[in-house]
Amino acid sequence: MITFSVITITYNAEAVLQRTLDSVLSQTWRNVEHVIVDGASKDNTVSIAEQYRQQSDEAHNGHQVMIKSEPDGGLYDAMNKGLERATGTYVIFMNAGDTFASPETLSEIVTKARLMELEAEQNPLPAVLYGDTDIYDNEGKYLGPRHLSVPEQLSWHSFKNGMLVCHQAFYARTDIAKRTPFNLKYRYSSDVDWCINVMKAAERSSLPLVNVHQVVAHYLREGQTTLHHRDSLKERFAVMRSHYGLFTTLLMHAKFIFRSRR
């Protein structure tokens, strides 16, 4: 049976957290654990999460909620803490304010990827399930699809063209994800590095990456990358250089600049 670990990192997120909790609670797929890692918030974030845990328990929907609140070393340190606690078949990182596309998202992903059949036939489960993302603003208004197109065939080489799949729409097998934790030397772009490392691990193990051909996540536009755009771009260049080399990274960034000016 396929299970999912949804990891949500919070810090003073009371304004946007509820929509994420409601989205996870509404999932019709029963085998879900929600790991909430809070960085010792000073607002009502933890009490909102505790109320949600009680609501989930009372719903008897097969979901399990775990909450941990303590100081951390930043976003990616908290993500690693969540990864350590994850026990599902697949892990999904969903930021406070982000949501699934619909209550049926996880059920549809399992069906479309034919995971049940693959599991029954004892074939290896895909290393990554990935899909499309729509962008919403802080008020919940739809802004449009994410500007980067999701490739039909994804590999670690794909990210030379940018982060074609955002991490909210990148469902990694937990056993692989645990072996490739987030690199804490990056403050804003470690998710890019992590996705590439997961895909490299998949290639070494000859495991497929499966496009589920649907919108799987609604992404809140505001975030650490948006707030620290310049620093994020510098880090992203360093990440790409570490994986693809200096020449390729310079060439691709020249293409990015030319494309943005057209």
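The structure we're discussing is the one just above.
Residues numbered from 1 in each chain as written. Predicted model: local features only at pLDDT ≥ 70, side-chain atom pairs only at ≥ 80, totals over all residues. Heavy atoms only, no water.

S.K.: Explanation requested: the nonpolar core in the structure shown.
M.R.: If you look at soluble globular proteins, the nonpolar side chains tend to sit buried side by side. Within the largest apolar cluster, 76 residues are counted, with the highest numbers of intra-cluster contacts made by Phe4, Phe159, Phe170, Tyr171 and Trp194. In terms of residue count, the dominant contributor to this core is helix α7 (residues 190-204) (8 residues). Here Phe4 is in contact with Trp29, Asn31, Val32, Glu33, Gly88, Tyr90, Ile92, Leu106, Val110 and Tyr171, once residues within four sequence places are set aside. (Core = buried A, V, L, I, M, F, W, Y, C linked by side-chain atoms within 4.5 Å. Buried < 20%, exposed > 50% of the residue type's maximum accessible area, 1.4 Å probe, protein only. Helix = DSSP H or I, 4+ residues; strand = E, 2+ residues; numbered from the N terminus. Contact = heavy atoms within 4.5 Å.)

S.K.: Got a minute to help me understand unusual backbone geometry in this structure?
M.R.: In this structure, Ser206 is a non-glycine residue whose phi angle is positive, near 55 degrees. Along the chain, the position of Ser206 falls in the loop between α7 and β9 (209-220). In this structure Ser206 comes out as exposed when scored by relative accessible area, which is 64%. Even without being glycine, His213 reaches a positive phi, approximately 55 degrees.

S.K.: Would you mind going over the packing of aromatic side chains with me for this structure?
M.R.: Remark: the centre distance and the inter-plane angle together describe each pair of aromatic rings, the angle taken between the planes. A complete count under the given rule lists 9 aromatic pairs for this structure. On the numbers, 5.4 Å between centres and 85 degrees between planes, the contact of Phe93 with Trp194 is edge-to-face. Placement of the pair is Phe93 in strand β4 (residues 90-93) and Trp194 in helix α7, with a sequence separation of 101 residues. Trp194 shares its class with Phe93; the two are buried. One aromatic cluster in this structure is built from Tyr76, Phe93, Phe170, Phe182 and Trp194. Above the face of the Trp156 ring, Lys200 is positioned so that its terminal group lies 4.6 Å from the ring centre. (Phe/Tyr/Trp six-rings, centres within 6.5 Å; stacked < 30°, edge-to-face > 60°. Lys NZ or Arg CZ within 6 Å of the ring centre and 35° of its normal.)

S.K.: Help me understand the pattern of salt bridges in this model?
M.R.: All told, the structure shown has 4 salt bridges when counted by the stated rule. Put simply, Arg53 and Glu50 hold a salt bridge, and the shortest N to O gap is 2.5 Å. Of this pair, Arg53 and Glu50 both sit in helix α2 (residues 45-59), 3 residues apart, which is roughly one turn of that helix. On the basis of relative accessibility, which here comes to 34%, the residue Glu50 falls in the partly exposed class. The shortest N-O distance in the salt bridge between Asp175 and Arg173 comes to 2.8 Å. Assessed through its relative accessible area of 34%, Asp175 is described here as partly exposed. (Salt bridge = Lys/Arg side-chain N within 4 Å of Asp/Glu carboxyl O.)

S.K.: Got a minute to help me understand the side chain of Thr99 in this structure?
M.R.: In this structure, Thr99 sits in strand β5 (residues 99-100). The class of Thr99 is buried, set by a relative accessible area of 12%.

S.K.: Got a minute to help me understand the environment of Arg187 in this structure?
M.R.: Assignment of secondary structure puts Arg187 in the loop between α6 (174-178) and α7. You can call Arg187 exposed: its relative accessible area is 59%. Between the C-alpha atoms of Arg187 and Leu75, which are 112 residues apart in sequence, the distance is 7.5 Å. With sequence-adjacent residues up to four places away left out, Arg187 is seen in contact with Tyr76 and Glu235. A distance of 3.5 Å separates polar atoms of two side chains, one belonging to Arg187 and the other to Tyr188. (Polar contact = N/O pair within 3.5 Å; in protein donor to acceptor, adjacent residues only side chain to side chain.)

S.K.: What's the story with the side chain of Thr8 in this structure? I'm lost.
M.R.: As for its position among the elements, Thr8 is in strand β1 (residues 4-10). Take Thr8: its relative accessible area is 0%, and that puts it in the buried class. Only 2.8 Å separates the side chain of Thr8 from the side chain of His34, close enough to count as a polar contact. When sequence neighbours within four positions are dropped, the list of residues in contact with Thr8 reads Leu17, Thr20, His34, Val35, Ile36, Val37, Met94, Asn95 and Ala96.

S.K.: When you look at α7 in this model, what are you seeing that I'm missing?
M.R.: Along an α-helix, residues three or four apart share an orientation, since each turn contains 3.6 residues. For α7, with 15 residues, the first-to-last C-alpha span of 21 Å sits near the 21 Å given by 1.5 Å per residue. Within α7, 11 of the 15 residues are buried, which leaves the element mostly enclosed by the surrounding structure. Every buried residue belonging to α7 is among Ser190, Asp191, Val192, Asp193, Trp194, Cys195, Ile196, Val198, Met199, Ala201 and Ala202, and all of these are buried. Downstream of α7 by a residue or two, Ser206 has a phi angle that is positive, lying close to 55 degrees. (Expected span 1.5 Å × (residues − 1).)

By themselves, these are just geometric observations and shouldn't be taken as functional.
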